[in-house]
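Structural characterization, general
For reference, the chains in residue letters:
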Amino acid sequence: MMRLPRFEYHAPRALADAAGWLAAHPGRVMILAGGTDILPNMKRRQQTPEVLVSLRHIAELKKVSPDTFSGLTLGSALTLSELVRMPRLQRDYAGLWQAAAQVATPHLRAMGTLGGNLCLDTRCNYYDQTYEWRKSIDFCMKKEGRICWVATSSPTCLAVSSTDTAPALMALGARVRLVSASGERVVDVSDLYANDGINYLTRRPDEILADVRLPDHTGWRSTYWKLRRRGSFDFPVLSVAAAARLDHGGVVQDARIVLGAVASRPMIATQAAVGLRGHSLTDEAIARAADRAYEVAKPMDNTDYALVWRKRVSRDFVTYALRELRGDDMRDTRRRIARQALMGLSY
Amino acid sequence: MTRPTMRVVGFPRRRVDGRAKVTGQTVFADDLVLPRMLYARLLRSTVPHARIRSLDASKAEAHPGVHLVLTGKDLPIPYGILPVSQDEHALCPDKVRFVGDPVALVVARDELIATEALELITVEYEPLKTFADPEESLAHPEPRIHDYGDAGNVHKKVALSFGDVEEGFREADHVFDDLFFYQGNTHLPLEQHAAVAAIDGDGKLVLWSSTQTPHYVHRALAKALEMPAAHIRVIATPNGGGFGGKSDPFNHEVAIAKAALVLKRPIKIALTREEVFLCHRGRHPVLMRFRTGVKNDGTITGVHLQTLLDGGAYGSYGVASTFYTGALQTVTYHIPRYRFDGCRVFTNKPPCGPKRGHGTPQSRFGQEIQLDRIGERLAIDPADLRLRIVERPDTLTANYLRVSTIGLAECIRRVVKTSDWKNRFRKLERGRGLGLACSSYLSGAGLPIYWNDMPHSAVQLKLDRSGGVTAFCGATEIGQGSDDVLVGCVAEVFGIEPFDIRAVTGDTDLTPVDLGSYSSRVTLMMGNAAIQAAERARDVLADAVGRKLGVPKGRLVFADRRVFDSEDPARGVTFAEAVCAAEAMFGAVGSTGSYTPPPSAAKYKGGGVGPSPTYSYTAAVIEVEVDESTGWVNVPRVWIAHDIGRALNPTLVRGQVEGSVYMGLGEALMEEQVFRRLPKRLSNAVVHKFPSMLEYKSPTFLDMPEIFTELVENPDPHGPFGAKEVGQGPLLPIMPALANAVYDAVGVRIDEVPITPEKIVKALADKAAGRPPRYGPSRFPDVDWPEPLQVPPPWEGGTGRAATAQPAETPR
Amino acid sequence: MERQEPTGLAVISLRVNGEPTDVAFDPYKTLLEVLREDLNLPGTKHGCELGECGACAVLVDGTPTLSCLLLGLECDGREVVTVEGLMEDGRLHPLQEAFADLGAAQCGYCTPGLLVTAKALLDRNPTPTGDQIREALAGNICRCTGYQQIVEAVQAAATDCAEHKATDYTEHEATDYTEHEAADYTEHEATDCTQHEATDCTEHEATDCTDYTEKK
């Protein structure tokens, strides 16, 4: 049986105490929320913090603050299952709901948190391996080694952003609140990420992601499409989050398209989205947007599926997303791709 | 004695071990805890091919909590599953052959301390040239991975010729020549291998292990530890899935047994998931070339098959696997002339071995796709084509395999009907398709792994005055339901309830030898042995009851826990009273039964692989949806019919069929055991690409189609109550049926597994560009084939022996 | 509250299969290890220890949870149900009966995780459709069955539960329901969203059913 390494454990009741721990022991402490990302990493010795600070007992991180004027604020320690059980999310923020509903498996959604999914360690077939395996390749840049085996001349680590909820939240224009012992700040979800497999978060090590702020989304539609080999378990190896505000005539007033799992951070397909403004979502407009989004997709050979194919089908996935926003009945396609209906879950 | 209608056999029933499995009471190997038990872990090689220059374990030995470190010098005797491949050491003494080859065993107070101590061992390696694929091994005889084998890094080459196949091609109207590739994959049993070794109160060695073959582990331990087998007891714990992956004696079993002998304390080892991938012994990657001659009416005039197997770093069952790639083609369809060339090479990767279907799914994949092509070219519906060429029952094939009953035609008719084939094949809208394929499989290997004249399975019964019966057999419960077969057969003969019988299985001290749970042999062989034992005991009871009641023995009926007069059912005794009567008259009541397969007609060298008392048959139709833009494949439905002979417990039979469909779809669509070689200028590494449950893709609940299972029951004279195997055969048609369905849907041939969307998209692009609409291998490398052994088929006056004199030794 | 002993062991108090239990263990251990090694409950299995197979699932406060990814230290005060705790009044749970009878357990190694996961489903939704069963069990890998007999067993058990409940409807249903809801409420009260969650549940269940039937 794989065993965790030894560590010290603390479970403060107040957010300030947790932030205090991070400030007092820089570099030695990591945050434990749902545990579904950090504990496997610790078992494989990818991450070996001396101290774990658990957020489990901090009540304010589980808050849901509905506010019809300013949108919705979600505590970062809400589990993904808790999000999936919120009808308001399914109705008003479908893209986020669909993303949360497709994370991993029912068990992992019941354990994993929203904050954990946003801070999910970047993933790579050369990195998500046991200590012994990584030793056999003399390690890699992200941990203990010097080379990025994905592209040996790369100066930066190419591990892949594999969060489902971040692209969805970026398409929704969400922001996050980061709390540290020295204060707090609110940033766009987009600004939480950097395109570097090692330093993929702009969150400082002493900061705790406290909550996610969804803007009022009246008039918007949103969706999330995820590519993975199986109907559950698998991380995305391509995802498309899209949101659009249409007028009564179906003309796009505003749109956002974000691609996940094609770089070390979620990638905003600005040109694709901007090009839709002022147009109806015709097949031609959708095809144009898909072509532009395709340019943004830069998958590497470090996940499931061949990279050329992953890039190729980014066009198809953007098309699925935009057709759904247009109002097409995509249930059959959804069922084939997701291998489930995603109609509201019973567990 | 008259046998009334069946009362147990043939009825769906809760399996005898069902309750334990749903209450968490089944004791798997890692569930065992013994007083003073210590925990072990293996240090495994981090390099693919190297000499061990030095190994320093002194720091590990001094680490607090560490009790013992063993290295190669402590276990110098090699072992291996086949007598011809004794090439494994529990701990590598001087050379490592793949990343994962064990070099040391650490025994400590707990598993974490053992893990920490592994890091304290330093090993200095002298790297050797590394072989990552078969072509490299064929091209470079030096350095040799092993110092035995047919040449250089070629482990085994075989060539067999049954009639003049070139003459067959001359008689043909068409000769098809196709290449196929079958990627390797692994068993992925949910239970990771685990074992406990201890010295019992008598001072003898006991090993509990998650093994499918306790008898072979027993032999390997005796050899590697230089101990009398009589002083070693091997107990197979119920396996949490095996699928062939727990059929070899393994490093960890031998190493902890040695540690228990040294420390005189119980030692447990439980492998991690990664280590299970490294143990492997799974499906060989096989490159195939099929040349088939056919007449315009579909009659086959000859087949020439060539296979190249990537064996990995050790022999394992590899010689048998090589023969199996060429053994069963003739059992399915009538092939008047047949030639087979097979070659297995060593590479620096975990060893391949037997996985469900052992060596036959690869060539089955090629043959069934080629038949689909043949049907299309000849404008014959592929179901009709197969119905024309199905091998006849009670036949000796070109390679001297004795076919008994064949339910294949009926299987084909059933799936054609249930899938509405005639109205849908080649008639569905673009993007939807149906594919059909068939298969056959052994009901037990006709010859044992090591040469001997003794039975392959034996059952011993103890009848108690209480009316209870204990059935002892060396067979191993790996989830397939072998305990249920044992109990079901005995209950049927005695006319008592399965709950009245206790099964004691897989224990080399308590149970008579059964060779193990492999080659689909247990139902047929153990079942026959059980029936024989039960009939012998029943005869004794009948003697006693007949005498006691004054009824002629022949009139007695055993049913409803009673023994009674068929002409006056009220006149009788309970089963318990019958046992008491027999015990009073004749002394303690017990019996034995055993089973030895009929002698094989294949007397030529290499004829040891393929013979079986009888063969099972399967036909399957698969429906697919293929998206032409992305190549995305969905499988909504599978129809499958299996010739089971007779279903002893239909619930379990259906489970085996559906489980086979599951594993087949995994192999067809997503499962692959593949390796990554880093850029040679920077690294020597050859590593398993993703030794994890997450990245080795096993289909989930959401990925499975609806399965419609039909059982074709035509009792076979060789089977217990007519039963044949079901654990492996139904997997075989799945992969080719899926490939054929993809062709029906979008008109491209994917001639290799797994059939992934990337490959479909590439083939569609080729099709659009006017190139051959196909994805698959384009060449078969040069192999220096030996002169084939000439064995004239029966219809050319052959006797089953080679035309030229050959050495007597027969690998199995 | 969890505490550290001078021996270096951690000590927690929790309820396991209905019984209050104190347990001391090495603090690095997950609930999986604590159950199997320190509480002598080896019925819960492990197939990867990384959250990739579902074999180690148990119920924690009624929710299917992977015991391999939950620290023992985080289980203080919680209610854990394992396969060993599924029997009621010495009788097999209808799911256990159905799994045993209908071929849903072959090697039996994934069975404990599947049983508790299916129990949580039936506790929440006594009449699940086939799709709902497959979605709820999508985090459990089985290598033996091909899943079909498992889905059938869950359906059979659901029918069995329904019939069982129908016989003494008033007593059972009423108590069960109240208790269950009450527990939910308390848990959420701490997090200030009682009102919200309560509305959610009702809305959600209603919408769900309608949606489903409409679109089926």
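Every residue gets a number counted from 1 within its own chain, in the order that chain's sequence is written. Chains carry letters and ligands carry numbers; both start at the beginning, A for chains and 1 for ligands, and go up in the order they are written. With the structure being a predicted model, the display of local features is reserved for residues of pLDDT at least 70 and the display and counting of side-chain atom pairs for 80 or more, all residues being used for whole-chain, interface and lining totals.

1. As for the overall build of chain B
As a reminder, the rule being used: Only DSSP runs of H or I reaching four residues or more are called helices, and only runs of E reaching two or more are called strands; each is numbered from the N terminus. Our radius of gyration is a C-alpha quantity, and the globule rule it is checked against amounts to 2.2 Å times the number of residues to the power 0.38. Using C-beta atoms placed from the backbone, we call a residue buried if 20 or more other C-beta atoms fall within 10 Å of its own, exposed if 12 or fewer do, and partly exposed for counts in between. Contact between two residues is assigned whenever their backbone-derived C-beta positions fall within 7 Å.
Within chain B, the secondary structure is distributed over 20 helices and 34 strands. Taking 28 Å as the expected radius of gyration for a compact globule of 812 residues, we find that chain B reaches 27 Å, a close match to that expectation. The principal-axis extent of the C-alpha atoms belonging to chain B is close to 85 × 75 × 55 Å. The buried share of chain B, taken over its 812 residues, is 66%. Counted over contacts in chain B with a minimum sequence separation of 6, partners at least 24 positions apart contribute 80%.

2. Quick look at the overall build of chain A
The number of helices and strands found in chain A is 13 helices and 12 strands. Across its three principal directions, the C-alpha atoms of chain A cover 60 × 45 × 35 Å. For chain A, with 347 residues in total, the buried portion stands at 62%. Put simply, 66% of the contacts in chain A that link residues at least 6 apart link residues at least 24 apart.

3. Things to note about the interface of chain B and chain A
Rules: Only Asp, Glu, Lys and Arg are considered charged in this grouping, and only Ala, Val, Leu, Ile, Met, Phe, Trp, Tyr, Cys and Pro are considered nonpolar; every other residue, Gly among them, is considered polar.
Facing 34 residues of chain B, the contacting portion of chain A comprises 30 residues. Of all the elements in the fold, those that place two or more residues in the side of chain B that touches chain A are α3 (111-118) and α20 (757-768) of chain B. Taken together, the residues of the side of chain B that touches chain A break down into 17 nonpolar, 8 polar and 9 charged.

4. Some points on the interface of chain B and chain C
Taken together, the contact pairs 39 residues of chain B with 40 residues of chain C. Looking at the side of chain B that touches chain C, the elements with two or more residues in it are α1 (18-23) and α18 (650-669) of chain B. The greatest single-element share of the side of chain B that touches chain C, amounting to 8 residues, is contributed by α18(B). Of the residues that constitute the side of chain B that touches chain C, the class distribution is 16 nonpolar, 15 polar and 8 charged.

5. Observations regarding the sheet that holds strand β1 (residues 8-10) of chain A
All names here are of chain A. Rules: DSSP calls a pair of strands paired once it identifies at least 2 bridges connecting them. Geometry is summarised by axes, namely lines fitted to C-alpha atoms with helices restricted to the contacting stretch, and by angles between N-to-C directions that run from 0 to 180 degrees.
Judged by pairing direction, the sheet is parallel, and its 3 strands sit side by side in the order β1-β3-β2 without closing on themselves. The sheet terminates laterally at β1 and β2 (29-32), the two strands that pair on one side only. Taking the axes of each pair of neighbouring strands and ignoring which way they run, one obtains an average angle of 25° across the sheet. The pairing of β2 with strand β3 (residues 51-54) spans 4 bridges and is parallel. Each bridged residue has a counterpart across the sheet, and for Leu-32 the counterpart in β3 is Ser-54. Docked against the sheet, helix α1 (residues 15-24) engages β1, β2 and β3, running at close to 160° with respect to β3.

6. Observations concerning the sheet that holds strand β24 (residues 568-574) of chain B
Residues and elements named next belong to chain B. What the 3 strands build is an open sheet, ordered β22-β23-β24; its pairing is antiparallel. With partners counted over all chains shown, the strands left at the sheet margins are β22 (556-559) and β24, one partner each. For this sheet, the mean inter-axis angle between neighbouring strands, taken without regard to orientation, is 30°. Pairing geometry for β22 and strand β23 (residues 562-565), over 4 bridges, is antiparallel. Bridging from a neighbouring strand, Val-557 pairs with Phe-564 of β23.

7. Looking at the confidence of the model for chain B
Residue and element names in this part refer to chain B. For clarity, the threshold we go by: On a scale of 0 to 100, pLDDT captures the predictor's confidence in every residue.
For chain B, the average pLDDT comes to 97, and 99% of its residues sit at 70 or higher. Note that pLDDT drops below 50 for residues 808-812; the model gives that stretch 12 contacts with residues more than four away or on any other chain. Scored as a complex, the prediction yields pTM 0.95 and ipTM 0.97.

8. Points about unusual backbone geometry
All names here are of chain B. Backbone torsion omega between Glu-142 and Pro-143 reads -10°, so that peptide bond is classified as cis. Note that the residue after Val-753, namely Pro-754, is joined by a cis bond; omega there is -5°. Position of Pro-754 among the secondary structure elements: in the loop between β32 (752-753) and α20. The residue Lys-264 is not glycine, and still its phi comes out positive at about 55°. Checked against the element boundaries, Lys-264 lands in the loop between α7 (251-263) and β12 (267-270).

9. Regarding helix α6 (residues 214-224) of chain B
All names here are of chain B. By the criterion of burial, α6 is predominantly enclosed, with 9 of the 11 residues buried. Residues Pro-214, His-215, Tyr-216, Val-217, His-218, Arg-219, Ala-220, Leu-221 and Ala-224 constitute the buried set of α6. On its buried side, α6 packs onto β10 (205-209), β11 (232-236) and α7.

10. Side note on the packing of α6(B) against α7(B)
All names here are of chain B. Quick note on the threshold: Angular relationships are summarised with four words: roughly parallel below 35 degrees, roughly antiparallel beyond 145, roughly perpendicular across 65 to 115, and oblique for the angles in between. Rotating anticlockwise by less than a right angle from the far helix to the near helix defines a left-handed crossing, while the corresponding clockwise rotation defines a right-handed one.
In contact at an axis separation of 10 Å, α6 and α7 are set at 50° when each is read in the N-to-C sense. Taken as axis vectors, α6 and α7 run oblique relative to one another. Crossing of α6 against α7: the hand is right-handed. Along its contact with α6, which presents Val-217, Ala-220, Leu-221 and Ala-224, the element α7 presents Glu-253, Val-254 and Ala-257. Across the contact of α6 with α7, the residue classes tally to 6 nonpolar, no polar and 1 charged.

11. A short note on the packing of α18(B) against helix α19 (residues 734-746) of chain B
Residues and elements named next belong to chain B. Following both chains from N to C, one finds α18 and α19 inclined at 55°, their axes separated by 8 Å at the closest point. On the basis of the axis angle, α18 is oblique to α19. For the crossing formed where α18 meets α19, the hand is right-handed. Within the contact between the two elements, α18 uses Val-661, Gly-664, Leu-665, Glu-667 and Ala-668 and α19 uses Ile-734, Met-735 and Leu-738. Looking at the contact of α18 with α19 residue by residue, the classes come out as 6 nonpolar, 1 polar and 1 charged.

12. Quick word on helix α1 (residues 31-38) of chain C
Residue and element names in this part refer to chain C. Burial runs high along α1: 6 of the 8 residues are buried. Among the residues of α1, Leu-31, Leu-32, Glu-33, Val-34, Leu-35 and Arg-36 are the ones counted as buried. Contacts from the buried residues of α1 go to β3 (19-25). Looking one or two residues past α1, Asn-40 carries a phi angle of roughly 55°, positive in sign.

13. A short note on the environment of Glu119(B)
By secondary structure assignment, the location of Glu119(B) is in the loop between α3 and β6 (122-127). Considered as a pair, Glu119(B) and Ala60(B) are 59 residues apart in the sequence and their alpha carbons are 7.9 Å apart.

14. Comments concerning the environment of Val485(B)
Residue and element names in this part refer to chain B. As for its placement among the helices and strands, Val-485 is situated in helix α15 (residues 482-494). Here Val-485 falls in the buried class, since 28 other C-beta atoms lie within 10 Å of it. Separated by 45 residues in sequence, Val-485 and Ala-530 have C-alpha atoms that sit 9.1 Å apart. When near neighbours in sequence (up to four residues on either side) are disregarded, Val-485 contacts Val-522, Thr-523, Met-526, Gly-527 and Leu-648.

15. A short note on the nonpolar core
Heads up, the rule is: Each nonpolar core consists of buried Ala, Val, Leu, Ile, Met, Phe, Trp, Tyr and Cys residues. Their C-beta atoms, within 7 Å, join them into a set.
Judged by nonpolar contacts, the single largest core of 452 residues is most densely connected at Ile257(A), Val106(B), Ala471(B), Leu486(B), Val490(B) and Val742(B). Broken down by element, this core gets its largest block of residues, 15 residues, from helix α16 (residues 522-549) of chain B. Setting aside residues no more than four positions away along its own chain, Val106(B) makes contact with Ala40(B), Arg41(B), Leu43(B), Ala60(B), Val66(B), Val69(B), Ala114(B), Ala117(B) and Leu118(B).

16. Some points on the pairing of strand β19 (residues 457-463) of chain B
Residues and elements named next belong to chain B. Here β19 lies mainly inside the structure; 6 of its 7 residues are buried. Here β19 runs beside strand β25 (residues 590-595); their pairing, made up of 6 bridges, is antiparallel. Bridging across to β25, Gln-460 finds its partner in Thr-592. Inspection of the sheet shows β19 paired to strand β20 (residues 469-473) by 5 bridges, in the antiparallel sense. The residue bridging Leu-463 from the neighbouring strand is Val-469, located in β20. Taken together, β19 and the strand that follows it, β20, pair antiparallel across an intervening segment of 5 residues, in which Gly-467 is found at a positive phi of about 95°.

17. Observations regarding the pairing of strand β15 (residues 338-345) of chain B
Residue and element names in this part refer to chain B. Most of β15 is tucked away: 8 of the 8 residues are buried. With burial as the criterion, each face of β15 is covered, one bearing Tyr-338, Phe-340, Gly-342 and Arg-344 and the other bearing Arg-339, Asp-341, Cys-343 and Val-345. Of the strand pairs in this sheet, strand β7 (residues 154-162) and β15 are connected by 8 bridges, and their pairing is antiparallel. Each residue of the ladder has a partner; that of Ser-161, found in β15, is Arg-339. Relative to β15, strand β14 (residues 300-310) runs parallel, the two being bridged by 8 bridges. Paired with Asp-310 across the two strands is Val-345, which belongs to β15.

18. Here we look at the environment of Trp639(B)
Residue and element names in this part refer to chain B. Tracing the backbone through its elements, the reader meets Trp-639 in strand β27 (residues 633-643). With 27 C-beta atoms packed within 10 Å, Trp-639 lands in the buried category. Those residues in contact with Trp-639 that lie beyond four places of it in its chain are Val-415, Thr-418, Ser-419, Ala-620, Val-621 and Phe-708.

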